Amino acid sequence: MQNQTFRTEQNQTGQGTNLGTAFGAAMGTNISPGNIGPAMSTNISTGINYGTQSPYGGIMQQDMRGTEQKIGAHELIMTHEVLTSTIDTINTFELYRPHIKDQRLSQIVDNQLRHMQSNYQSLVSFLQTRQNQSSHSYRTPIQSSPAYGLRNPAPQQPNSNVNQIDDRDIASGILSCSKSLAMKTTVAALECADPTLRQIMNSTIQSCINQAYETFQFMNQKGMYQVPTLASNTTQTMINTYQPTGTFTTQGTMPLQ
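Reading the values: rules and limits
Residues numbered from 1 in each chain as written. Predicted model: local features only at pLDDT ≥ 70, side-chain atom pairs only at ≥ 80, totals over all residues. Heavy atoms only, no water. Helix = DSSP H or I, 4+ residues; strand = E, 2+ residues; numbered from the N terminus. Buried < 20%, exposed > 50% of the residue type's maximum accessible area, 1.4 Å probe, protein only. Contact = heavy atoms within 4.5 Å. Phe/Tyr/Trp six-rings, centres within 6.5 Å; stacked < 30°, edge-to-face > 60°. Axes fitted to C-alpha atoms, helices over the stretch in contact; angles between N-to-C directions. Parallel < 35°, antiparallel > 145°, perpendicular 65-115°, else oblique. Left-handed = near helix turned anticlockwise from the far one by under 90°. Nonpolar A, V, L, I, M, F, W, Y, C, P; charged D, E, K, R; others polar. Core = buried A, V, L, I, M, F, W, Y, C linked by side-chain atoms within 4.5 Å. Salt bridge = Lys/Arg side-chain N within 4 Å of Asp/Glu carboxyl O. Expected span 1.5 Å × (residues − 1). Polar contact = N/O pair within 3.5 Å; in protein donor to acceptor, adjacent residues only side chain to side chain.

Further remarks concern the overall build of the chain. When its secondary structure is counted, the chain shows five helices and six strands. Starting at the N terminus and walking to the C terminus, you meet the elements of the chain as β-β-β-β-β-β-α-α-α-α-α. For the chain, with 257 residues in total, the buried portion stands at 28%. Counting contacts in the chain only where the partners sit at least 6 residues apart, residues at least 24 apart contribute 58% of the total.

Structure representation (structure tokens):
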């Protein structure tokens, strides 16, 4: 039988930091005819508490003040995805910004940038403090009738260099960013157990929808985003395929109208 005990201690002058680690290991081996039985016992103590596992799959995190902050694993991972996508979207807008020529498009990008930055700050603040910051959805776009039909759309192809980027490229790029963030945030909202976090996600989703439609309106009015239509008889045939419901009846209940 051999017993070994190792102890290391590190002191950092001026910061009052004392890191001690105790490692104790005991190993015994018992060998008898026809029976080999090894036994090993290891004890490691660091004095560091990283939190406890929740029975529902979440992590109960403990901050410096000793208070517990509960958050589910899925909602934390999906919130991470939303925050990362928001950062990417903000950075993309910033890259596009110097190349914009149309004044109205510049205003749209600036307004959407400010709102996304505010939403990002609110979400990060909630995660760290659990205090709901007042947040609101991006303004509802002015209601206007879109132009339908194709009107000699310009051909499209990738640019060969950055100098070829025009306002249509930029508007299409920020529209795609808004759509992508809306879809990712919708998935995140469906995984949220915390009602406040879910509400923040819902507000972000509505903001993305409004931003996307505002950009679409600009593009549609400029002829950059044209909405193709089907032949009239095909459209009407598809619409008439679906009819209003009749009266539903369920055993033991009153008919539903």
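A few words on the packing of aromatic side chains. Evaluated as defined, the whole model comprises two aromatic pairs. Here Tyr 213 and Phe 216 contribute two aromatic rings whose centre-to-centre distance is 5.5 Å and whose plane-to-plane angle is 35°, an arrangement assigned as tilted. On the criterion of helical spacing, the pair formed by Tyr 213 and Phe 216 is a turn pair, its members being three residues apart in helix 4 (residues 195–221). Here Tyr 213 falls in the partly exposed class, since its relative accessible area comes to 31%. Using a relative accessible area of 13% as the deciding quantity, one classes Phe 216 as buried. Where Phe 216 meets Tyr 225, the ring centres are 5.0 Å apart and the plane angle is 90°; that geometry is what we call edge-to-face. A relative accessible area of 31% places Tyr 225 in the partly exposed class. Members of the aromatic cluster, each reached through a chain of ring pairs, are Tyr 213, Phe 216 and Tyr 225.

To continue, consider the packing of helix 1 (residues 73–96) against helix 2 (residues 103–129). The angle between the axes and the distance between the axes are what describe a pair of packed helices. Put simply, helix 1 and helix 2 touch, their axes get as near as 10 Å, and they point 155° apart. In this view, helix 1 runs roughly antiparallel relative to helix 2, as classed from their interaxial angle. Considering only the axes of helix 1 and helix 2, their crossing is left-handed. In contact with Thr 79, Val 82, Leu 83, Thr 86, Ile 87, Thr 89, Ile 90, Phe 93 and Glu 94 of helix 1, helix 2 contributes Val 109, Gln 112, Leu 113, Met 116, Gln 117, Tyr 120, Leu 123, Val 124 and Leu 127. Considering only residue class, the contact of helix 1 with helix 2 consists of twelve nonpolar, five polar and one charged.

Another point: the nonpolar core. With 17 residues, the main nonpolar core has Phe 93, Leu 105, Val 109, Leu 113 and Phe 218 as its most contacted residues. Only helix 1, helix 2, helix 3 (167–190) and helix 4 provide two or more residues apiece to this core. If near-sequence neighbours (up to four positions away) are discounted, Phe 93 is found in contact with Val 109, Gln 112, Leu 113, Met 116, Ile 174 and Cys 177. Core analysis: the second largest hydrophobic core is formed by 15 residues, Leu 83, Val 124, Leu 197 and Met 201 among them.

Counting along the chain gives 41 residues from Phe 216 to Leu 175, while the straight-line C-alpha distance between them is 7.1 Å. When sequence neighbours within four positions are dropped, the list of residues in contact with Phe 216 reads Pro 146, Leu 175, Tyr 225 and Val 227.

Okay, the pattern of salt bridges next. A full pass over the atoms with the stated rule returns three salt bridges. Its salt-bridge partner being Asp 110, residue Arg 97 comes within 2.7 Å of it at the nearest N-O pair. Of this pair, Arg 97 sits in the loop between helix 1 and helix 2 while Asp 110 sits in helix 2, and the two are 13 residues apart along the sequence. Since its relative accessible area comes to 26%, Arg 97 is described here as partly exposed. Owing to a relative accessible area of 24%, Asp 110 belongs among the partly exposed residues under this scheme. Across the pair Asp 102 and Lys 222 runs a salt bridge whose closest N-O atoms are separated by 3.4 Å.

With that out of the way, let us pick up helix 3. The terminal C-alpha atoms of helix 3, which comprises 24 residues, lie 35 Å apart, in line with the 34 Å expected from a rise of 1.5 Å per residue. If you check the start of helix 3, you find a side-chain oxygen 3.2 Å away from the backbone N of Arg 168, and it comes from Asp 166.

What follows deals with the environment of Lys 222. One can find Lys 222 in the loop between helix 4 and helix 5 (232–240). Look at Lys 222 and you get partly exposed, because its relative accessible area is 47%. Lys 222 sits 54 residues away from Arg 168 along the chain, and the two C-alpha atoms are 9.0 Å apart.

Moving on: unusual backbone geometry. For Asn 152, which is not glycine, the phi torsion reads 50° and is therefore positive. One can find Asn 152 in the loop between helix 2 and helix 3. Among the residues examined, Asn 152 registers a relative accessible area of 76% and is labelled exposed.

Remark: helix 3 packs on helix 4, axes separated minimally by 8 Å, with the N-to-C direction vectors making an angle of 160°. Considered as vectors, helix 3 and helix 4 are oriented roughly antiparallel to each other. The hand of the helix 3/helix 4 crossing is left-handed. Tallied by class, the residues present in the contact of helix 3 with helix 4 amount to 15 nonpolar, eight polar and three charged.

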